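Overview (structure and organization)
What follows is the residue order along each chain.
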Protein chains: 2
Amino acid sequence: MKKVTEMTKEELLELKDGLEKQYEEFKAQGLKLDMSRGKPGSSQLDLTNGLLGALDDYHTEAGVDARNYGVLDGIPEAKKLFSDLLGIPAEKIIVGGSSSLNLMYDAMVRLMLFGTQGGKPWKDVEGIKWLCPSPGYDRHFAVTRELGLEMIPVPMKPDGPDMDVVEKLVAEDETIKGMWCVPLHSNPMGACCSDETVERLASMKTAAKDFRIFWDNAYGVHHIYEDVALKDILKAAAAHGNEDRILYFFSTSKITFPGAGVSIVASSLDNIAEIKKHMTIQTIGHDKLNQLRHVKYFKNADNIRAHMKKLGEALRPKFDMVLNTLKEELGDTGLASWVTPKGGYFVALDTLPGCAKETVALAKEAGVTMTGAGATWPYGKDPKDSNIRIAPSYPTLEELDKAIHLFCLCVKVAGVRKLLAEK
Amino acid sequence: MKKVTEMTKEELLELKDGLEKQYEEFKAQGLKLDMSRGKPGSSQLDLTNGLLGALDDYHTEAGVDARNYGVLDGIPEAKKLFSDLLGIPAEKIIVGGSSSLNLMYDAMVRLMLFGTQGGKPWKDVEGIKWLCPSPGYDRHFAVTRELGLEMIPVPMKPDGPDMDVVEKLVAEDETIKGMWCVPLHSNPMGACCSDETVERLASMKTAAKDFRIFWDNAYGVHHIYEDVALKDILKAAAAHGNEDRILYFFSTSKITFPGAGVSIVASSLDNIAEIKKHMTIQTIGHDKLNQLRHVKYFKNADNIRAHMKKLGEALRPKFDMVLNTLKEELGDTGLASWVTPKGGYFVALDTLPGCAKETVALAKEAGVTMTGAGATWPYGKDPKDSNIRIAPSYPTLEELDKAIHLFCLCVKVAGVRKLLAEK
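1. Here's the deal with the sheet that holds strand β9 (residues 263-266) of chain B
Residues and elements named next belong to chain B. The sheet built from 8 strands is open, its strands ordered β2-β9-β8-β7-β6-β3-β4-β5 with mixed pairing. The sheet terminates laterally at β2 (93-95) and β5 (160-161), the two strands that pair on one side only. Docked against the sheet, helix α6 (residues 163-172) engages β3 (129-134), β4 (150-157), β5 and β6 (176-181), running at close to 150° with respect to β4.

2. Things to note about the packing of helix α4 (residues 100-114) of chain B against helix α9 (residues 269-282) of chain B
Each pair of packed helices can be summarised by the angle the axes make with each other and by the distance between the axes. Residue and element names in this part refer to chain B. Viewed as axis vectors pointing N to C, α4 and α9 meet at an angle of 100°, and their least axial separation amounts to 11 Å. By the angle between their directions, the pair α4 and α9 is classed as roughly perpendicular. Between α4, through Asp106, Arg110 and Phe114, and α9, the contact on the second element is made entirely by Ile275, His278 and Gln282. A class-by-class count of the residues in the contact of α4 with α9 yields 2 nonpolar, 2 polar and 2 charged.

3. Remarks on unusual backbone geometry
Pro188 of chain A follows Asn187 of chain A through a cis peptide bond whose omega is 0°. Mapped onto the elements of the fold, Pro188 of chain A is located in the loop between β6 (176-181) and α7 (195-203). Pro135 of chain B follows Ser134 of chain B through a cis peptide bond whose omega is -5°. Mapped onto the elements, Pro135 of chain B comes out in the loop between β3 and α5 (138-146). The phi dihedral of His185 of chain A is positive, around 45°, even though this residue is not glycine. Given the relative accessible area of 1%, His185 of chain A is considered buried. For Lys299 of chain B, which is not a glycine, the phi torsion comes out positive at approximately 70°. Within the element layout of this structure, Lys299 of chain B appears in the loop between α10 (288-298) and α11 (301-330).

Calculation criteria
- Residue numbers here run from 1 along each chain, matching the order of that chain's written sequence.
- For naming, the first written chain is A and the first written ligand is 1, with later ones following in the order written.
- Local features in a predicted model are, by the rule used here, given only for residues with pLDDT of at least 70; side-chain atom pairs are given and counted only at 80 or more, and totals for whole chains, interfaces and linings are based on all residues.
- The basis for the side-chain values is all heavy atoms of the structure; hydrogens and waters are excluded.
- Should DSSP find at least two bridges between two strands, the strands are regarded as paired.
- Only DSSP runs of H or I with at least four residues qualify as helices, and only runs of E with at least two residues qualify as strands; both kinds are numbered from the N terminus onward.
- Residue contacts follow a heavy-atom distance rule, with two residues in contact if any of their heavy atoms lie within 4.5 Å.
- Simply put, an axis is a line fit to the C-alpha atoms, just over the touching stretch for a helix, and the angle between two N-to-C directions goes from 0 to 180 degrees.
- Each angle gets one of four labels, with under 35 degrees taken as roughly parallel, over 145 as roughly antiparallel, 65 to 115 as roughly perpendicular, and the rest as oblique.
- Polarity classes work like this: nonpolar for Ala, Val, Leu, Ile, Met, Phe, Trp, Tyr, Cys and Pro, charged for Asp, Glu, Lys and Arg, and polar for all others, with Gly in that last group.
- Exposure classes here rest on a 1.4 Å probe applied to the protein chains alone. A residue is buried below 20% of its type maximum, exposed above 50%, and partly exposed in between.

This is a description of form; function is not addressed.
What follows is the structure, given as structure tokens:
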């Protein structure tokens, strides 16, 4: 088949007619499907239903009554579980509530209100900027936006943020106070930080003394096609005297229950002490029973890894379906490109420039909700209007089949219209 | 018996010898008891152990999967439960995580960073002040202190904050932005806001347009000796066009499990909308399974009330013991005064001026930990050094018996020493 991008006006017009007819047929089906959020499907959640009844006792190993007040930073066995899973010393871990996003928000708020390690509160510093590897996670960008930080997109490459760009920016500008980074199976690009990227992030010179990397390892054990190892950034940073630079976040949101999991923040001992100093004003402690429930259910890190294998197997058919359909429907058209992720929750697709918004609008009109076009960029502004995040996890396979076919059709309709408009 | 305060120097010296001998005997017992925090005892917590297994299904009434992401402001049936219990319309309620202190801290942080209802962010206003009815709750004071608000103590009377003082201050000074208030069985005084106090708080003129009352109804259904009704402050404030003034907090921390309960914030519809606007940046939602667990366990508000009767009965012997012992040991001495609470978690005692610190230090030395002297005042500074908070809930009756006797002895030792020093 001839590439659509190489077609004549006449060929395009004919193609457009056919596609729009197909689109109307889809619309007539009255679909109501959602591929907008990285939300696990129910069958995935069923795999950890044992968690609901896992609490056979409410005492911690040390004999503490987990029903009662106390233990600000998490029960020791929960710290150990995450320590074993992620290779972070337990004393560098604080176990929080069900939301790691909340831990990130709170961490950012503390930097604003109080500063860190003796530095000026960020609220008192003019024109703070923040690096946002893009395409990236819309909720990250929402946090930095809400707090008034100027967001600077930096390119996201398959092996992590473009370090040439990052290094240059942070070395020169002391108002650049930090950056977001999802180091493994990044949202939405599926990028995985190489050892070199981690090493460069850990060692780079920053003009800001209180530069912080929000290391959101949300998909740290969420492999689907390939197990990917991640270099230990806390250790790497410590080797360069930069351990305070790293705030490491993780959660079981996509291991057990998104609505009722356990989250952690890990960092240098100095940062952990500082966080606890503020945290003790904010709360008496997070839900210890839920921490204990998770420990009793999994027992050890190997069981989490085994469970993640099952989850990966449960997700793989969905990713297969998306990737195969994209290939079949769009592979030879020249209308889109995408990256095959090794894990995580997303497939990121790029349409022809200027087509993402229309594609998403077309899908929406026909009953399939995608993540809003632009959402993967700071301020919702995709400079090329081309990036779309596909989240295949929530629909059933049958629903996904319909949704992704419709989506491909929308990519084509928008693409052909665009090409025609340029003729 | 002659009042100790009326004794001659010789009588005091003799008394002191006897008391110090008793004190040494106590010390020799090597006690290790804790009356420092309002922490329920294990036998109290046992009364809701059914909660641990209450989750027979994970769907809400509306069919939402509570395991998954979503429902930012709490599941509807949890809102209804609190609505029925407190008489607050469900749409004015947000259900949070396990800690209402965290909700208060977050609310205060939002006022600092963003302001409210179009007003200037408080971080940009010089010299903000906050009224602190005192003696009051140390964790409240810690929040306002951490955020840099200047705390102004106002007297706490048996029917709530001294409204003559409050009204005068807030009418004159627009940098006074709000106040703490525990309206029922206040920590530590056991004060209960009368209808008149509520009405005056709701209607008073404030120089600050964005004046806020943090209405921490922590002991709203925690009656021990007498059921006390509380006038509806949201309704009262609404009648005067001041509903935005009220941020109403409540939790099940001392109904079910302190470490794993459910909290709420309630306010005007405008405030609720504003809170949700920020909250949606901070988190995807709080633990819905725990909300559902509470709903399934209690089923309705009447069952909570019935449970609170049981809890009141469980606490009453402890309060009886404290109050009876205080009366027996200190009643005729003139060395202390205290208030008999109708409910809540505390008995507040006043020593002779200048004796609280020494009393607490003496108790500590003999193995009984009390709340730090001064803790019930902003900045930990009790101007008279006389207020001590007694928290009888955590020890067993047997432990409490020893602890409160020792405590009374310490009050006497410190009092006699003080009187002698003044001779």
